[in-house]
Amino acid sequence: MQEQAAQIRNNLFDLGEPNVAYAKYFSGQSYLQSIVAPDDMVDVNISSVSFEPACRNNWHIHHNGYQILIVTAGQGWYQEAGKPAWLLQSGDVVVIKAGVNHWHGATQNSWFTHLAVTKGTSEWLEPVSDSDYAKLHQD
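Residues numbered from 1 in each chain as written. Predicted model: local features only at pLDDT ≥ 70, side-chain atom pairs only at ≥ 80, totals over all residues. Heavy atoms only, no water.

Caption draft 1: Summary view of the pattern of salt bridges. For the coordinates displayed, the defined rule picks out 4 salt bridges. Ionic pairing is found between E80 and K83, a salt bridge with its closest N-O pair at 3.1 Å. The exposure class assigned to K83 is partly exposed, which follows from its relative accessible area of 45%. Linking K135 and D132 is a salt bridge whose minimum nitrogen-to-oxygen distance equals 3.7 Å. In this structure K135 comes out as exposed when scored by relative accessible area, which is 59%. (Salt bridge = Lys/Arg side-chain N within 4 Å of Asp/Glu carboxyl O. Buried < 20%, exposed > 50% of the residue type's maximum accessible area, 1.4 Å probe, protein only.)

Encoded structure:
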């Protein structure tokens, strides 16, 4: 796991800083590196988000836009409400339409990093329960 942690820390966009601004919406430690912030010329946010093993964000919905996840390192989960979770690995891309209730985060034994391309606003909901998360297995 130390080798994997080193790969995440040396990722193309750097590990970033502890994600204190959004910590209340995460179970576990995440890190945030801003790549592109919205301004007068662009209306999207692009960030590199790294998750320590077992870290995940709360269920959430994007309004008035979308989110695209581009996995750059490690292994993680993505799940939409009412559907099975998908195991994600480096190179995977997930397109999330507006209004879809979902969460994403690291597997229990792996660091996980993705670029998040986000347009619109996020509505943060309840945490993913420890019991539901524990049921996920890497096969």
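On we go.
Caption draft 2: Spotlight on unusual backbone geometry. Backbone geometry places A54, a non-glycine residue, at a positive phi of 75°. Its location among the elements puts A54 in the loop between β4 (45–51) and β5 (56–57). Here the phi dihedral of N64 falls at roughly 55°; this positive angle occurs in a residue that is not glycine. (Helix = DSSP H or I, 4+ residues; strand = E, 2+ residues; numbered from the N terminus.)

Caption draft 3: Examining a nonpolar patch on the surface more closely. On the surface, a cluster of nonpolar side chains totalling about 250 Å² of accessible area is made up of I70, V93 and V95. Tracing the sequence through the fold places V95 in strand β8 (residues 93–97). (Patch = residues over 30% accessible without salt bridge, like charges linked within 9 Å, V, L, I, M, F, W, Y side chains within 5 Å. Areas by Shrake-Rupley, 256 points an atom, 1.4 Å probe, with all protein chains shown as cover.)

Caption draft 4: Representation of the packing of aromatic side chains within the structure. Taken as a whole and judged by the stated rule, the model has 9 aromatic pairs. Residues Y25 and W124 carry aromatic rings whose centres are separated by 4.7 Å and whose planes lie at 10° to one another, so their mutual orientation is stacked. Linking Y25 in the loop between β1 (17–18) and β2 (26–27) with W124 in strand β10 (residues 112–124), this pair joins segments that are 99 residues apart in sequence. Within the aromatic cluster, the residues linked to one another by ring pairs are Y22, Y25, F26, F51, F112 and W124. The ring centre of Y133 lies 4.2 Å from the NZ or CZ of R56, which sits over that ring. (Phe/Tyr/Trp six-rings, centres within 6.5 Å; stacked < 30°, edge-to-face > 60°. Lys NZ or Arg CZ within 6 Å of the ring centre and 35° of its normal.)

Caption draft 5: Here's a closer look at the pairing of strand β7 (residues 86–89). With 4 bridges connecting them, strand β6 (residues 60–80) and β7 associate as antiparallel partners. The residue bridging Y78 from the neighbouring strand is W86, located in β7. Connecting the antiparallel pair β6 and β7 is a turn made up of 5 residues, with G82 showing a positive phi of about 80°. (Pairing = 2+ DSSP bridges.)

Caption draft 6: Geometry of the nonpolar core. Membership of the largest hydrophobic core comes to 13 residues, with the highest contact counts inside it found for F51, L69, Y78, L88, V94, I96 and F112. Within the residue set of this core, elements represented by two or more residues are β4, β6, β8 and β10. Take this core: its biggest share by element is 3 residues, from β6. In this structure, V94 is in contact with Q67, I68, L69, Y78, W86 and L88, ignoring residues within four places of it in sequence. Grouped together as the second largest cluster of nonpolar side chains are 6 residues, W59, W77, V128 and L136 included. (Core = buried A, V, L, I, M, F, W, Y, C linked by side-chain atoms within 4.5 Å. Contact = heavy atoms within 4.5 Å.)

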